[in-house]
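# Results of the structural survey
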Amino acid sequence: MSSGRERVLARVRRALADVPRDERPQDVRVERGYLRVHGDRTTARTVDLLAENLADYRALVHRVDAAELPQLLKRLLAAHGSRSVLVPPGLPPGWLAAADPVLALVPDREADTAYALDVVDSVVTGCAVAIAETGTIVLDGGPDQGRRRITLVPDHHLCVVRVPDQVVGSVPQALERLAPGRPQTWISGPSATSDIELNRVEGVHGPRTLEVILVDGRTEGQG
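Below: a short report on this structure. Quick caveat: nothing in here was measured; it's all calculated off a predicted structure.

## Some details on the pairing of strand β7 (residues 156–163)
Most of β7 is tucked away, with eight of its eight residues classed as buried. Taken together, the three bridges between strand β4 (residues 122–125) and β7 define a ladder with parallel strand orientation. Each bridged residue has a counterpart across the sheet, and for T125 the counterpart in β7 is C159. Sheet topology note: the β7/strand β12 (residues 209–216) ladder contains eight bridges and is parallel. Within β12, the position partnered with L158 by the bridge is E211.

## A closer look at the sheet that holds strand β8 (residues 167–168)
Strand order across the open sheet formed by four strands is β8-β5-β6-β9, with mixed pairing between neighbours. At either end of the open sheet lies a strand with only one pairing partner, and these are β8 and β9 (185–187). Examined bridge by bridge, strand β6 (residues 136–139) and β9 share three bridges and lie antiparallel to one another. Bridge pairing in β9 places L139 opposite T185.

## Some points on the sheet that holds strand β3 (residues 104–107)
Reading across from one edge, β1-β12-β7-β4-β2-β3 is the order of the six strands in this open sheet, with parallel pairing throughout. Strand pairing shows two members of the sheet lacking a second neighbour, β1 (60–64) and β3, which therefore form its edges. Ignoring which end each strand starts from, the neighbouring axes of this sheet average 25 degrees apart. The strands that helix α2 (residues 43–56) touches are β1, β7 and β12; relative to β1, the one it contacts most, it runs at about 150 degrees.

## What to know about helix α3 (residues 69–80)
The terminal C-alpha atoms of α3, which comprises twelve residues, lie 16 Å apart, in line with the 16 Å expected from a rise of 1.5 Å per residue. What α3 keeps buried is the set L69, P70, L72, L73, L76 and L77. One face of α3 carries all of its buried residues, which in axial projection span an arc of 160 degrees. Turned more than 90 degrees from where α3 packs its buried face, R75, A78 and A79 sit exposed. Its buried side turned inward, α3 meets β1, β2 (84–87), β4, β7 and β12. Of the residues trailing α3, G81 is marked for its positive phi of about 75 degrees.

Analysis parameters
- Residues numbered from 1 in each chain as written.
- Predicted model: local features only at pLDDT ≥ 70, side-chain atom pairs only at ≥ 80, totals over all residues.
- Heavy atoms only, no water.
- Buried < 20%, exposed > 50% of the residue type's maximum accessible area, 1.4 Å probe, protein only.
- Helix = DSSP H or I, 4+ residues; strand = E, 2+ residues; numbered from the N terminus.
- Pairing = 2+ DSSP bridges.
- Axes fitted to C-alpha atoms, helices over the stretch in contact; angles between N-to-C directions.
- Contact = heavy atoms within 4.5 Å.
- Expected span 1.5 Å × (residues − 1).
- Arc of directions from axis to C-beta.

Structure, rendered in structure tokens:
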């Protein structure tokens, strides 16, 4: 009897029997018949859908004007009891302009270990894009987001989404904005997992608390 591996390879060979040996994948156009977006939504409705799906995934959602962002960040960090916050190198300086003076601003340093990041209370970042249909925030290591690990180790992540510029309806629309060579983190709610008895545990492989701030991006919250 042939092994499972041999059976699989035999099926692959049969499927490729009529393919010319010199043909490359990029030589053949594959029609993609799926919809790029589901439904005909206004921009406002797309943002509302994002907020609904984020909340459904147990993220805490806040909606503010750009001028209100610094004070909101101050309140959220204080409510969490944060004494230190990780700051990506390109975070707009005005975002944390109202933060408590005793709050330690920790820069994103290449030399920092997971243990050093674990003692930081919170991290504040921007994002690359947010997907309404899936309630997903995508980070790609941009200047206002920092290295992937700074959003995976701290227990509390505050993520700012500029509305409507960074909000799209669907995954295909998001992919068009992302460079495949950049390090991407796709976040749909706080980190969570369930055991065999379906007991949900949050914070296993990422932040236990995710707060998403939808802020009017037509003006920058900079000071």
